[in-house]
Each structure stands twice: as structure tokens, then as C-alpha cells.
There are 2 protein chains.
Amino acid sequence: MNTQPELIPHQGEACLASVKAVKDALYVLSGKWKLPLILTLSNGPLRFKEIQRALGEITPKILSKELKELELNEFVERKVFSTVPVTVLYELTPYSKSLDKVLDELRNWGLQHRQRIMHQPPIVSED
Amino acid sequence: MNTQPELIPHQGEACLASVKAVKDALYVLSGKWKLPLILTLSNGPLRFKEIQRALGEITPKILSKELKELELNEFVERKVFSTVPVTVLYELTPYSKSLDKVLDELRNWGLQHRQRIMHQPPIVSED
DNA sequence: GATACCGGTATCCTTTGGGATAGTAGTATC
DNA sequence: GATACTACTATCCCAAAGGATACCGGTATC
């Protein structure tokens, strides 16, 4: 019992690749504003200021950063129109729909998990 | 064109609830170590020090914190045995399997997304 | 009695995410 | 010429996440 040299190597490449892939996926959804932003744009394209007003609390610096990340991931397209004052529209790409299944799974799991944790408080140690 | 008072209220409760649910789900997977930890334990229960050695870089403080969070979410069970030096085993619960579908979706999406972003570099503005 | 192993905790420090505030260029209006 | 609008950028700041290092109480071994 005192011999525990079983160093479980186990760090298979497949495992590491899986972790990396999941992290990639989590990354594009991470942060405080990605989800609300995608949701807001799902009702149609909006201008910068309009998004700001719709989200209510976000500062231009953060909004700019988030939009750029969404652009890099090809979820959002930025369209500039040479109008009176320039108009910049942000709109979801068709590719952004590829997230739907993932988001659905996450939403369902999140819902049932909250139910579970709420209704079934963990075993309290009785001391 | 200059009248843009369309203040898109749109903050429906269903939307907000979805965001909350997805955030709940993301939360339990967030952080640097949750995924590697779950993966490491999926090969069978391990002791504290064994996990530390298997992960390689994690400090005891962080490992302790992560394990407590996994316990709170009922993904991991902590079992204490009154052996020579005390033995503490951490093992995945059956409930942790409920994450499998979610993780699978995330993994698949992450894989295809990396392919897409890599093979199809974004349109570079030609100036 | 010194050292080592186990399962952690305590204290401090650095990095990162996010935000507040101000300012920019261009045009139009008063 | 002052103000206002759009779409941002720049600078500074704060809090949270993560980590380095040291330590604790218990037992066994040298």
C-alpha cells in the first residue's frame, strides 16, 4: 500500500488534443459580453452606438475589443457605409449559426444543473 | 436615414434566462484546470499528490480550490480512508458523465473551428 | 532528534479581464 | 466658433484568477 509509484503517465495525445479543442470552443464564448452580444445581433445588424445602447453598460473600449474578437472568429461581419456620418453595421455571419447546437447543449445542461444543485443541496457533514 | 430611434428593446426574459443558463454551464468548465482535472480523474480515482504529479504544474492551493469546486458541482467525490498516512481519494461521480455530451459538442466544434480559422485566413484589407 | 511523506492552508505577488474617463477625426448644426 | 453626433482609441485603474513560497499537524523512518 505504501508503494505508489504508479505514475499514471496517461497524458495521451488524444486527451491533450481534446482539452485543446474544448478550450478553443470555450474561448470563443468566454468573457462577460460575448453571449449577450451574439444574442443582441441575432435580431439583425446594428451600429456601434446602437449595440452600446442595447447592452446598456458596456464601454466603447470593451465593445470594440469584443467585436474584433467576434470578427476574428468569423461570427460577425463589419460593414462600413459612407453615409452622412459614417455608418458601421455589425451583423452575424451564417457561420455564427454553427454555434447553435453547442449553445443549445450548454443551455440545457446549465438549466438542469441549476435545478439539480438547487433542489438537492449537497450532503452536509454532521458534526 | 438620420432618424434611428429604433431602440430595439428586445431584452426578453427568455433571452436573459438562456444567457444565464449558458453562463452557468460555462462556469463549471471555466478556469485553467477543470478540464485537465476531469480528464485525469476519468482514468480512475487518485490521491491529492497523485493528481498533482499527473498534472505536473499545479500548486496545492489551486488544486485544492479546483477540487472543492468540482465537489460542489457534484462532479467529484472526496473519500477519506484512515490508513497509515491518511489516504484521500478523489473520484468522478456518475453525474459527471452528464457532461459528456456537452464536452463532445464543444470538442467537435472546437476542432472544426480551428480547421476553419487556420485554413481560411480572414480577408486581409489590401492597402 | 532530523528528515520525509501526506493533505492540505496562509501569505504574498503577478497577470489578466474588465471598466472609468477622456480624447480623437470628421461632419453638421446653431 | 461652440456644440453634437458617430466610431472609435488611449490612459489609467481595480478586482479576480492564478501562482510561488512557506508552513502546519500527523506519522514513519533513519
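Residues numbered from 1 in each chain as written. Chains lettered and ligands numbered in written order. Predicted model: local features only at pLDDT ≥ 70, side-chain atom pairs only at ≥ 80, totals over all residues. Heavy atoms only, no water.

(A) Examining the packing of helix 2 (residues 34-41) of chain A against helix 1 (residues 13-29) of chain B more closely. Where helix 2 of chain A meets helix 1 of chain B, the closest approach of the two axes is 10 Å, and the angle between their N-to-C directions is 150°. The element helix 2 of chain A and its partner helix 1 of chain B pack so that their crossing is right-handed. Contacts from Leu35, Pro36 and Leu39 of chain A of helix 2 of chain A reach helix 1 of chain B at Cys15, Val19, Val22, Lys23 and Leu26 of chain B. (Axes fitted to C-alpha atoms, helices over the stretch in contact; angles between N-to-C directions. Helix = DSSP H or I, 4+ residues; strand = E, 2+ residues; numbered from the N terminus. Left-handed = near helix turned anticlockwise from the far one by under 90°. Contact = heavy atoms within 4.5 Å.)

(B) Molecular detail of the protein's contact with DNA strand D. Around DNA strand D, the surrounding shell holds 21 residues, and the nearest of these are Ser64, Arg78 and Tyr90 of chain A together with Lys32 and Lys61 of chain B. Of everything in DNA strand D that lies within 4 Å of the protein, sugar and phosphate atoms constitute 64%. Those elements that place two or more of their residues in the surface near DNA strand D are helix 3 (48-55), helix 4 (60-72) and strand 3 (87-92) of chain A together with helix 4 (60-72) of chain B. Counting residues per element, the surface near DNA strand D draws most heavily on helix 4 of chain A, at four residues. For the surface near DNA strand D, the class distribution of residues is eight nonpolar, five polar and eight charged. (Near = heavy atom within 4 Å. Nonpolar A, V, L, I, M, F, W, Y, C, P; charged D, E, K, R; others polar.)

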